[in-house]
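# Close look at the chain arrangement
Each chain, letter by letter, is given below.
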Amino acid sequence: MIPDKAPREDVYLVHDLKKESHVPSFEKYKELYLKSVENPTEFWGDVAKGYFWKSKHTGPFLDYNFDVTKGKVYVKFMDGATTNICYNLLDRNIHEKKLGDKVAFFWEGNEPGDELKITYRELLQRVCKLANVLKSLGVKKGDRISIYMPMIVELVVAMLACARIGAVHSIVFAGFSAESLSERILDSQCSLLITADGFYRGDKLISLKVIADDALEKCKEKNFSIQKCIMLKHLSKECSAPSPALGSQSPPAKRTCPNLQQERKETVKKARPLPQIPWNPEVDLCWHTLVEDASDECDPEWCESEDPLFILYTSGSTGKPKGVLHTISGYMLYTACTFKYVFDYQPQDVYWCTADIGWITGHSYITYGPLANGATSVLFEGLPTYPDVSRMWEIVDKYRVTKFYTAPTAIRMLMKFGDEPVRRFTRKSLKVLGTVGEPINPEAWLWYYNVVGEKRCPVVDTFWQTETGGHVLTPLPAATPLKPGSATFPFFGVVPAILNESGEELEGPNEGYLVFKQPWPGVMRTVYGNQERFETTYFKKFPGYYVTGDGCRRDKDGYLWITGRIDDMLNVSGHLLSTAEVESALVEHEAVAEAAVVSHPHPVKGESLYCFVTLKDGCEYGAALEAELKKKVREKIGAIATPDYMQNAPALPKTRSGKIMRRVLRKIARNERDLGDVSTLADSTVIEQLFQNRCCTV
Ligand code: WTA
């Protein structure tokens, strides 16, 4: 477990924060940790006192079963208590904490100079307006709403409007394809879609509405029709300006339409093509027209603790994404508490998380955690490399960012350009640096610490998952001596263990499966509409434990090191993908008979996709086909899944029972001849052939 004393050698200690820190020493961390796991009711009960409850919980404070052999797996925190998360994030901060005039978000657009800011009070008004619109469209508590939007303030408005009326949001990352969006709409049976006309990522125009329409068509093919689609004009701002419409009718025009988009300050005007906006008057509605006349007051819907808050899809090893379901109170307490301690949040902070809200990091640490604490955040639409590789540090100086949270892949990419683009800006406001999403290699960690943070700022390497709702293994900035590449120790309430293949807990220095022994408030409650899949995926392998799917090593000092996924998943630039998902996209191509996808190390992305494809008889392999196959994957899943390497595989190595030996393919991809035991191979001649055909760019 956690050592009594933290090691003093081979570690990085940062003292600057101690004066103001919530947890100023390792001893204090340990004391709070022990309380949190020995008496979770008291610990989380104290956290809950900071929030508004319309009525008290009726059942036990915490009730759960993690053991599949004893019946249904469930977790309930504060069951029966009533509250509203939007009320806690906004109204409570405005009225009780007097933060109405505090900036909630500094929005920084893709184009430097395109910006706006919004206070807590203004945010509440926007949320109420949209909440009233949703109600007038017939949306009720428990209804699912799909949101497919760029990184703009209205995305937060849309999420919180759902939360205010008890509707369940299902946000789909705006980089996902029409196919992926339709799959998610269908699975959660959403009644309404909220989207935007389009956005720019760097120089690239993404026509969201076109993709959204394509997704709705695909839903129709499966006999499912969404009732309404609300579209925000983000690029074509003036509501009165005629849009370049594809359909017969343009979106309804209004003379004046004061909206957030019109408050944007754009010092740099670029003449750029606008997105096409297909318009179906039976389904489509204009955001601005709808909110214009809506009241900016809306009573919150009082919901129960265990009512669903949102669904967020994450890759599953079977290839079909899982709808991870989070519920209201536990998620609120956990994201609020982790945000406060892990970033050592102080009222004067300006916090910036570079993730997209379409992923869990954005849900928990752009919207819910920071707003619950009354924090001021930067919300960034663009890319770290646009218009140049100094953009991040320019933004840090511009808003005097104190706490900065990004992904190892971004750090590795910026590192390639050397120190100069970083040194161009002072970064003197920075106090804490965070990373998330994948293991960070010590070299990138040290560059982040030495160059970006100039040895002043602790690096919090936060390990967690869509399923965990918030950080589960993480240092606390002023308390935990750091080791580059280690996520260190558990957060409050989290009890990790390392198991061997037979499910025995391993003590001391060791390596095995990372599992958790008891719930914390933010853990997922089920897979939406599929409790069986929830239990099979996370609880069947080792009854009594939540199984993360990650490997983990404990060193002699008790530090935990994530070693990566141990299932058929891979992590490309911090995005989790399943190999099965990519394989099924490849075999959809008429020329492909079979495909096997494995992970290949990548200097910037961490991992990348290496695909082996076997063609049908009579089909020819070549550059044109490769391009088609890559396109197919992009269309089916999204650009993040574009394969890096592809090779023709006249045959795949299989066991006598017909199972593809991915372990062997992984070695071939890396050109490692030491294949281990291949005695179960049905035909060993394929191996040599595959080595010879290796993709020469690797
Ligand atoms: C990986 C992202 C090592 C891990 C919040 C996990 C990490 C998966 C870290 C979840 C970290 C995340 N160190 N690996 N600090 N953070 N991972 O659901 O494999 O998108 O299971 O959630 O990312 O990815 P997800």
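Residues numbered from 1 in each chain as written. Predicted model: local features only at pLDDT ≥ 70, side-chain atom pairs only at ≥ 80, totals over all residues. Heavy atoms only, no water.

### A few points about the environment of methionine 151
Selection criterion: To qualify as a helix, a DSSP run of H or I must reach at least 4 residues; to qualify as a strand, a run of E must reach at least 2; elements of each kind are numbered from the N terminus. Throughout, a contact is declared for two residues whenever any of their heavy atoms are within 4.5 Å.
Here methionine 151 shows up in the loop between strand 6 (144-148) and helix 5 (153-165). Residues in contact with methionine 151, not counting those within four places in the same chain, are Trp107, Ala355, Asp356, Ile357, Ile366, Leu379, Phe380 and Glu381.

### Quick notes on the site of the ligand
Filter applied, for reference: If a single non-hydrogen atom of a residue is within 4 Å of a molecule or strand, that residue counts as near it. Any N or O atom pair separated by 3.5 Å or less is treated as a polar contact, with the protein-specific requirement of one donor-capable and one acceptor-capable atom, and with residues adjacent in sequence counted only for side-chain atom pairs. For accessible areas, the Shrake-Rupley method is used with a probe of radius 1.4 Å. Any residue's cover is judged against the shown protein chains and nothing else.
In the region of the ligand, 17 residues are neighbours, and Asp461, Thr462, Thr466, Asp550 and Arg565 sit closest. Between an oxygen atom of the ligand and a side-chain N or O atom of glutamine 465, the distance comes to 2.9 Å. Here an oxygen atom of the ligand and a side-chain polar atom of threonine 466 are 2.6 Å apart. Summarising the interface, the protein chains cover 96% of the accessible area of the ligand, which totals 530 Å² for the free molecule.

### Considering the sheet that holds strand 5 (residues 114-119)
Either a parallel or an antiparallel arrangement is found when strands of a sheet pair, and the pairing is made through backbone hydrogen bonds. Rules: Here the rule is simple: two strands pair whenever DSSP picks up at least two bridges between them.
Spatially, 12-5-4-18-17-19-20-21 is the arrangement adopted by the eight strands of the open sheet, whose pairing is mixed. Since the sheet does not close on itself, it has two edges, and those belong to strand 12 (265-266) and strand 21 (459-462), each with one partner. As paired elements, strand 5 and strand 12 share two bridges and run antiparallel to each other. Across the sheet, the residue bridging to aspartate 114 is glutamate 266, located in strand 12.

### Some words on the packing of aromatic side chains
Here is the rule we go by: By convention, a stacked pair of Phe, Tyr or Trp rings (six-membered ring in the case of Trp) has centres within 6.5 Å and planes under 30 degrees apart, an edge-to-face pair has planes over 60 apart, and any other such pair is tilted. Three labels apply to residues, based on accessible area from a 1.4 Å probe with only protein chains included: buried if under 20% of the type maximum, exposed if over 50%, partly exposed otherwise in between. Lysine and arginine charges are scored as sitting over a ring when NZ or CZ, respectively, is within 6 Å of the ring centre and within 35 degrees of the ring normal.
Under the definition given, this model contains 50 aromatic pairs. When the ring of phenylalanine 52 is compared with that of tyrosine 87, the centres are 5.0 Å apart and the planes differ by 50°; the resulting orientation is tilted. Residue phenylalanine 52 is located in the loop between helix 2 (40-48) and strand 1 (62-65), and its partner tyrosine 87 is located in helix 3 (residues 85-95); the two are separated by 35 residues in the primary sequence. Pairing tyrosine 610 with phenylalanine 612 gives two aromatic rings, centres 4.9 Å apart and planes at 35°, and the pair type is tilted. For the pair tyrosine 610 and phenylalanine 612, a shared accessibility class is recorded, and that class is buried. Between the NZ or CZ atom of arginine 272 and the centre of the ring of tyrosine 200, over which it lies, the distance is 4.3 Å. Taking NZ or CZ as reference, arginine 673 lies 3.9 Å from the ring centre of phenylalanine 691, over its face.

### Some words on the sheet that holds strand 24 (residues 526-527)
The cut-off we apply is this: Convention adopted: a line fitted to C-alpha atoms gives each axis, helices being fitted over their contacting stretch, and angles between N-to-C directions are expressed from 0 to 180 degrees.
Pairing in this open sheet of eight strands is mixed, and the strands run 13-11-8-6-7-15-16-24 from one edge to the other. Looking at the sheet topology across the chains shown, the edges are occupied by strand 13 (284-286) and strand 24. Pairing of strand 7 (residues 168-171) with strand 15 (residues 308-314) involves two bridges; the strand directions are parallel. Bridging from a neighbouring strand, serine 170 pairs with isoleucine 311 of strand 15. Where helix 7 (residues 208-221) meets the sheet, its contacts fall on strand 6, strand 8 (192-196), strand 11 (228-232) and strand 13, and the angle it forms with strand 8 comes to roughly 155°. Lying over the sheet, helix 9 (residues 328-342) contacts strand 15 and strand 16 (322-327), oriented at roughly 80° with respect to strand 16.

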